[in-house]
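For reference, the chains in residue letters:
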Amino acid sequence: MGGDFMDGIIKQGIEEIKREFDTEVAEGKNILVTGGAGFLGSWICDVLVESKANVICLDNFSSGLKENISHLLGRKNFKFVQHDITQPIFFNEEIDIVMHLASRASPFEFEKYPIQILKANTLGIWVALGIAKKHEAKFLYTSTSEIYGDAKEIPTTEEYRGNVNPIGPRSCYDEAKRCGESYVIAYRMQHGLDTRIARIFNTYGPRMRAEGIYGRVVPRFVEQALSNKPITIFGDGTQTRSFCYVTDQVEGLLKLAFSERAEGEVVNIGNDREITILELAKLIKELTKSSSEIEFHPLPKDDPMRRKPDISKAKKLLGWKPEVELEEGLRMMIEWFKEKER
Ligand code: UDP
């Protein structure tokens, strides 16, 4: 990976997104993407660069990777700034849109870096909103399904207020993201900023990290299955998630950022097909033709039992819906992992 090489599956994905997203709205716009070297951030940078926007990608590589953006470095409409968004930063050029994606997002990182996670979504969003205010830019915040905590309303609509443990192991992420939303609303109320909040549900796809503290369930299971190591299920595997392929997610985020109708809105973006973690493990085992054993480990504290978005608002407001079936998305992710390991 890296250099000028852009992986075939990613390239194909970017083309898919461009077919669904009206790229003309982005052409010539100056867009700041915080966390631009991360999983979702780098996909967004790719689509925006291809849409002829002028992209400023900001990242401190706390969880993002140089190799996600190295192929963009020579492009004239792409600029990279290595910076920690919790520290003030000033731009001389005009900025039309700020997209704040910077944050670690893996539960293992919650244990190791809770303070940085709190800062990215409180101090970090404050700096990012300050930039938007100064430049009179639109603002997109990538919030999360985690603000609902262990939701008691399934499928979960945007009206649900959440069931979050303020002092549990996930609090640094859940409460920081809730605080981030509160910052967005405050800047909207006090300064009249044009804001949009996306509540992102579990997303997977190429460029997701599998290793160590960065690994989320899908890349972990794919890597375990491909190397015929035990697939590690936490708990009995009856907990559920609803997995959205990255191209669907990125298309939804871009539509939310650019749609005139979406000003001031808060919108769930995800796939509403719910699956248990045990079913996911079996599916990945089957698709990879793996001989991995399935191994059961203790369930982490406060691990939500069910997660499934109600996406009717996104469908209606943005004319968006997820298109990629789980099996198809997993096949692409598996192919990408195999290529990467070569
Ligand atoms: N999980 C698992 N085995 C793993 C990693 C995760 O069973 O090796 C479970 C985890 O306990 C959770 C679900 O998979 O119930 C999704 O985990 P992920 O890390 O992707 O993030 P979450 O959705 O909990 O934020």
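The following paragraphs examine the structure supplied in this document. Bear in mind the structure is a predicted one, so any value in this text is a computation, not a measurement.

The rules behind these values
- Residues numbered from 1 in each chain as written.
- Predicted model: local features only at pLDDT ≥ 70, side-chain atom pairs only at ≥ 80, totals over all residues.
- Heavy atoms only, no water.
- Phe/Tyr/Trp six-rings, centres within 6.5 Å; stacked < 30°, edge-to-face > 60°.
- Lys NZ or Arg CZ within 6 Å of the ring centre and 35° of its normal.
- Pairing = 2+ DSSP bridges.
- Helix = DSSP H or I, 4+ residues; strand = E, 2+ residues; numbered from the N terminus.
- Axes fitted to C-alpha atoms, helices over the stretch in contact; angles between N-to-C directions.
- Contact = heavy atoms within 4.5 Å.
- Near = heavy atom within 4 Å.
- Polar contact = N/O pair within 3.5 Å; in protein donor to acceptor, adjacent residues only side chain to side chain.
- Areas by Shrake-Rupley, 256 points an atom, 1.4 Å probe, with all protein chains shown as cover.
- Nonpolar A, V, L, I, M, F, W, Y, C, P; charged D, E, K, R; others polar.
- Core = buried A, V, L, I, M, F, W, Y, C linked by side-chain atoms within 4.5 Å.
- Buried < 20%, exposed > 50% of the residue type's maximum accessible area, 1.4 Å probe, protein only.

Digging into the packing of aromatic side chains
Under the defined criterion, the tally for this structure stands at nine aromatic pairs. Ring centres of W336 and F337 lie 5.4 Å apart, and the angle between their planes is 85°; on these two criteria the pair is classed as edge-to-face. One aromatic cluster is present, formed by Y148, Y160 and F201 through successive ring pairs. Across from the ring centre of Y113, 3.8 Å away, lies the NZ or CZ of R104, which sits over that ring.

A look at the sheet that holds strand β11 (residues 266-269)
Note: strands within a sheet are paired through backbone hydrogen bonds, in either parallel or antiparallel orientation. Ordered in space as β3-β2-β1-β4-β5-β6-β11, the seven strands form an open sheet in which the pairing is parallel. Both edges of this open sheet fall to β3 (78-82) and β11, since each of them pairs with a single strand only. Sheet twist, expressed as the average angle between the axes of neighbouring strands with direction ignored, equals 20°. Along the sheet, helix α6 (residues 171-191) makes contact with β5 (138-144) and β6 (195-200), crossing β5 at roughly 155°.

Quick notes on the site of the ligand
Not every one of the 16 residues close to the ligand is listed here, only the nearest: R220, T232, F234, R241 and D303. A distance of 3.1 Å separates an oxygen atom of the ligand from a polar side-chain atom of R216. R220 places a polar side-chain atom, nitrogen or oxygen, 2.7 Å from an oxygen atom of the ligand. Protein chains bury 97% of the 510 Å² of accessible surface belonging to the ligand in isolation. Every element with two or more residues in the shell around the ligand is listed here: α7 (217-226) and β8 (231-234). Here the shell around the ligand is composed, by residue class, of six nonpolar, three polar and seven charged.

Side note on the nonpolar core
The nonpolar side chains of a soluble globular protein tend to be buried, and buried together. Judged by nonpolar contacts, the single largest core of 71 residues is most densely connected at L48, M99, L254 and L330. If one sorts the elements of this core by residue count, helix α2 (residues 39-50) sits on top with eight residues. Beyond its immediate stretch of four places on either side in the chain, L48 contacts A26, I31, V33, A53, V55, M99, L254 and F258. Listed in part, the 24 residues of the second largest apolar core include F91, I125, F139 and Y141.

What to know about the side chain of E181
With respect to the helices and strands, the residue E181 is situated in helix α6. Given a relative accessible area of 8%, E181 falls into the buried group. Apart from the residues lying within four places of it in its own chain, the contact partners of E181 are Y141, S143, I147, I197 and R199.

These results come straight from atomic positions and should not be treated as a statement about function.
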